[in-house]
Amino acid sequence: MNKPILLSRSNLILFIIFLALIAFPFVMDSRTLTILLTQILIFGILAMSYDILLGYTGIVSFGHAMFFGIGAYCTAIMLNDFESTIGVFLGSIVVGMIIAGILSFLVGLLTLRLKSHFFAMLTMAISGLLLVVAEKWRDVTKGNDGFTFKAPDVFKDRIVFYLVVLALLVIVFITLKRFVNSPLGRVLIAVRENEQRTKSLGFKTLYYKVIASIVAGVIASLAGSLYAVSLRFVNTSVLTMEITLDALLMTIIGGVGTLIGPLIGSVVIESAQHYLSGLARDFPIFERWIIFFGIIYILAVIFFPKGIAGTLQSKYYQWKAKKVQTTNVVPLSKNKESSE
Amino acid sequence: MMENLLKLDNVNTHIGQYHILQGVHFEAKVGEVSVLLGRNGAGKTTTLKTIIGLTPATGGSVTFLNQDITKKPTYDIANLGIGYVPEDQGIFAQLSVEENIKVAMKKESEESKEKLEYVLNLFPDLKKFWKKAGGNLSGGQKQMLAMARAFVNDSKLLLIDEPSKGLAPIVIEKVMEAIVEMKKRTTILLVEQNFFMASKIGDSFTLIDDGKTVHQGAMKELIDNDEMKHKYLGIG
């Protein structure tokens, strides 16, 4: 009989980590760490959305920041222009997701017919265009100077906001896990592995790639909304290439096509950024922390070519296969005896 | 007289600047195994790719079930009932055997379940390695999986490209037996270099040379014609 999926070992580990994360702000009374962890969770959501594109469908997008930025601006503008209530906050998330969904549908439809590198270049161009629009449309966005806004009162307590973000991350994780394990998710993996072969099985691959693009865009918008509330400030930096590169690095370092990998990548990158830049107070060389960050990235790619989660996963499978082989081996002498 | 399922009429195909097919014509009849024969580089694989729409024809016409499919996209052609087993098998390496087959099945119905059972009886190895990743199968198992996947995809015509390539003789025999069995339920168009295999299972043949059809007829005719075998296949 199959073991119920909810009781599997990996789910149990994830559940324990989830409980530890809930307990964290109550055990460690550190505002800085709570804020850092909130950032890690938000970028974890963004990186998971990028994994749907890169890891599960094989699409390299350099324009993912545009959806993140849309979410951030929708929430910031609505909380600034209307009352700062939970209702408006939730409404802004929905509006952001709808706009991001429509835009990712249009961008996907126009660009996903192209070969991968042309697609990547075009997404970068469209994202760049949106950044220019945001910088010039100062009446609404206040350009690069940005603007502050009031978050709903309930989020004044950083722990409450942290717990909300954690809950949303869990919901996104479970939803995406179900999505990639569904028949539709299998087709996405098939597209990544061999698009021509998938077409010759009767699948209109563009349709599936557009679906992946919409799912990724909508989730990235949610991450953007949460990011804006975490800072209570927004400017055009939410639309820059750096955001896309962060998501890309988190996914690659953590392990593409694993969903859990991008979360690990988010922990590594956000912590590295935080601690390396913090060291600059004592060691001036760390003012150029980006150099050390680059070294970490190079080392990660050399020692974990499949990403941290991917490498651990394949080591585990190797160990399991070895174990099965060892238990199946019958000593030659014993084999001989039994045949005699 | 048996009905034509597939008809190619003066098909021309360009890949980039190269004119690969320069007038291919032949018919595949319902319930037959038709074999495309010819030297390396003659245009056999391109012919299959042209039929399935991966390298669309630039001239001539391809008719399937009396419908012109020359300009149709690959997914439409596949959905009309043409299954394709490429030379490299095209297995989705990270998906398990089960997932590889279920992706192709699309919707589970009584008919597809019956087809799946049939194909698993034909290739018991697939049942044995049901949960194993496609990329970890042996060459022979990959070939079986590729054929099973194309077959469960509700195919009225199976295009199989060099199923014996790189396989051990004992595995080739299994593949041959499977093709003979599958023939009872579907029409097969086979590209094969191994003349022994082709002559055993083929009902008709089409000889392609330099991108052109040079001869078409019953397989028996070719078996008895040493001159033709020597001239176009370098055997006999």
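Residues numbered from 1 in each chain as written. Chains lettered and ligands numbered in written order. Predicted model: local features only at pLDDT ≥ 70, side-chain atom pairs only at ≥ 80, totals over all residues.

K.L.:
Whenever I open this one, the overall build of chain A confuses me. Can you help?
P.N.:
A tally of regular secondary structure across chain A gives 15 helices and two strands. Rg of the C-alpha trace for chain A: 22 Å, near the compact-globule value of 20 Å for 340 residues, within the 12% margin. Principal-axis analysis of the C-alpha atoms gives chain A an extent of 90 × 55 × 45 Å. Residues counted as buried form 41% of the 340 residues belonging to chain A. The contacts of chain A with a sequence gap of at least 6 include a subset with a gap of at least 24, amounting to 78%. (Helix = DSSP H or I, 4+ residues; strand = E, 2+ residues; numbered from the N terminus. Rg over C-alpha atoms; globule rule 2.2 N^0.38 Å. Buried ≥ 20, exposed ≤ 12 C-beta atoms within 10 Å, placed from the backbone. Contact = placed C-beta atoms within 7 Å.)

K.L.:
Just to check I follow, could you spell out the overall build of chain B for this structure?
P.N.:
Of the regular secondary structure elements, chain B holds ten helices and ten strands. Computed over its C-alpha atoms, the radius of gyration of chain B comes to 17 Å, within 12% of the 18 Å expected for a compact globule of 236 residues. Counting only C-alpha atoms and orienting by the principal axes, one finds that chain B spans roughly 45 × 40 × 40 Å. Going through the 236 residues of chain B one by one, you find that 43% of them count as buried.

K.L.:
Could you clarify how one ought to interpret the sheet that holds strand 2 (residues 18-29) of chain B in this entry?
P.N.:
Across a sheet, paired strands are connected by hydrogen bonds in the backbone, their directions being either parallel or antiparallel. Residues and elements named next belong to chain B. Ordered in space as 2-1-4-5, the four strands form an open sheet in which the pairing is antiparallel. Two strands lie at the open edges of the sheet, namely strand 2 and strand 5 (67-68), each paired on one side alone. Note: strand 4 (residues 59-64) against strand 5, two bridges, orientation antiparallel. Along strand 5, the bridge assignment pairs T63 with D68. Along the sheet face, helix 1 (residues 44-52) touches strand 1 (4-15), strand 2 and strand 4 and points at about 75° away from the line of strand 2. (Pairing = 2+ DSSP bridges. Axes fitted to C-alpha atoms, helices over the stretch in contact; angles between N-to-C directions.)

K.L.:
Which parts of the structure should I look at to understand the sheet that holds strand 8 (residues 187-191) of chain B?
P.N.:
All names here are of chain B. Judged by pairing direction, the sheet is mixed, and its six strands sit side by side in the order 6-7-8-3-9-10 without closing on themselves. Each edge of the open sheet carries a strand with a single partner, namely strand 6 (82-85) and strand 10 (212-218). Shown here is a sheet whose adjacent strand axes are inclined to one another by a mean of 15°, direction ignored. In the sheet, strand 3 (residues 33-37) pairs with strand 8 via four bridges, with the strands oriented parallel. Among the inter-strand pairings, V33 is bridged to a residue of strand 8, identified as I188.

K.L.:
Looking at this model, I keep getting lost on the nonpolar core. Mind explaining?
P.N.:
One finds L46 and A223 of chain A together with A148 and L159 of chain B to be the most contacted residues of the largest nonpolar core, which totals 151 residues. Top contributing element to this core by residue count: helix 10 (residues 205-231) of chain A, with 15 residues. (Core = buried A, V, L, I, M, F, W, Y, C linked by C-beta atoms within 7 Å.)

K.L.:
Mind showing me how you'd approach unusual backbone geometry here?
P.N.:
Leaving glycine out, the prevailing phi sign among residues is negative, and the prevailing peptide bond configuration is trans. Residues and elements named next belong to chain A. Phi angles above zero are rare outside glycine, and K142 is one such case at about 60°. As for its placement among the helices and strands, K142 is situated in the loop between helix 6 (138-141) and strand 1 (147-148). In this structure K142 comes out as partly exposed when scored by C-beta crowding, with 19 C-beta atoms within 10 Å. Here the phi dihedral of R232 falls at roughly 55°; this positive angle occurs in a residue that is not glycine. In this structure, R232 sits in the loop between helix 10 and strand 2 (233-234). By the C-beta count within 10 Å, which is 15 here, R232 ends up partly exposed.

K.L.:
Explanation requested: the interface of chain B and chain A in the structure shown.
P.N.:
One frequently used descriptor of interface size is the decrease in accessible area upon assembly of the parts. Contacts between chain B and chain A engage 17 residues on the former and 14 residues on the latter. The set of elements that each furnish at least two residues to the side of chain B that touches chain A consists of helix 2 (74-81) and helix 3 (97-105) of chain B.

K.L.:
Got a minute to help me understand the packing of helix 2 (residues 31-57) of chain A against helix 11 (residues 241-254) of chain A in this structure?
P.N.:
Describing two packed helices takes the angle between their axes plus the distance from one axis to the other. Residue and element names in this part refer to chain A. In the contact formed by helix 2 and helix 11, the axes pass within 8 Å of each other and the chain directions differ by 75°. Relative to helix 11, the element helix 2 lies roughly perpendicular. Across from F43, L46, A47, Y50, D51, L54 and G55 in helix 2, the residues of helix 11 making contact are D246, A247, L248, M250, T251 and G254. For the contact of helix 2 with helix 11, the per-class residue count stands at eight nonpolar, three polar and two charged. (Parallel < 35°, antiparallel > 145°, perpendicular 65-115°, else oblique. Nonpolar A, V, L, I, M, F, W, Y, C, P; charged D, E, K, R; others polar.)

K.L.:
Which parts of the structure should I look at to understand the pairing of strand 8 of chain B?
P.N.:
On any regular strand, side chains alternate: one points to one face of the sheet, the next to the other face. Residues and elements named next belong to chain B. A large share of strand 8 lies buried, amounting to five of its five residues. Where burial is concerned, the two faces of strand 8 agree: the one with T187, L189 and V191 and the one with I188 and L190 are both buried. Summarising the sheet, strand 7 (residues 157-161) and strand 8 pair through five bridges and their orientation is parallel. Within strand 8, the residue paired with L158 across the bridge is I188. Chirality of the crossover, the property in question, places the unit of strand 7, helix 7 (residues 169-182) and strand 8 among those that are right-handed. (Right-handed = clockwise from strand over helix to strand, strands pointing away.)

K.L.:
Explanation requested: the environment of F195 of chain B in the structure shown.
P.N.:
Residues and elements named next belong to chain B. Assignment of secondary structure puts F195 in helix 8 (residues 195-201). You can call F195 partly exposed: it has 19 C-beta atoms within 10 Å. Residues in contact with F195, not counting those within four places in the same chain, are L233 and I235.

K.L.:
Could you clarify how one ought to interpret the confidence of the model for chain B in this entry?
P.N.:
Low pLDDT means the predicted coordinates in that region are not meant to be read closely. All names here are of chain B. Taken residue by residue, chain B gives an average pLDDT of 90. The fraction at 70 or more is 99%. Of all the helices and strands in chain B, helix 10 (residues 226-233) carries the lowest mean pLDDT, 84, while helix 1 carries the highest, 96. Across the predicted assembly, pTM comes out at 0.86 and ipTM at 0.86. (pLDDT = per-residue confidence, 0-100.)

K.L.:
Hey, could you run me through helix 1 (residues 9-27) of chain A in this one?
P.N.:
For an α-helix the count is 3.6 residues per turn, leaving residues at separations of three or four pointing the same way. Over its 19 residues, helix 1 of chain A extends 26 Å from the first C-alpha to the last, a length consistent with the 27 Å expected when each residue adds 1.5 Å. Sparse coverage of helix 1 of chain A is indicated by the burial of one of its 19 residues. (Expected span 1.5 Å × (residues − 1).)

K.L.:
Help me out: how do you make sense of helix 3 (residues 65-81) of chain A in this one?
P.N.:
Given a rise of 1.5 Å per residue, 17 residues ought to cover 24 Å, and the 24 Å separating the end C-alpha atoms of helix 3 of chain A matches this to within 8%. Across the 17 residues of helix 3 of chain A, 15 count as buried, placing the element largely inside the fold.

K.L.:
Help me understand the pairing of strand 3 of chain B in this model?
P.N.:
All names here are of chain B. Of all five residues in strand 3, five are buried; the element is thus mostly enclosed. As paired strands, strand 3 and strand 9 (residues 204-209) are joined by four bridges and run parallel to one another. Its bridge partner lying in strand 9, S34 is registered against S204.

K.L.:
Before we go on, may I ask you to explain the environment of L37 of chain B in this structure?
P.N.:
All names here are of chain B. Positionally, L37 belongs in strand 3. For the pair L37 and Q193, spaced 156 residues apart in sequence, the C-alpha separation works out to 6.7 Å. Not counting the four nearest positions on each side in its chain, L37 is found in contact with A198, F205, L207 and L233.

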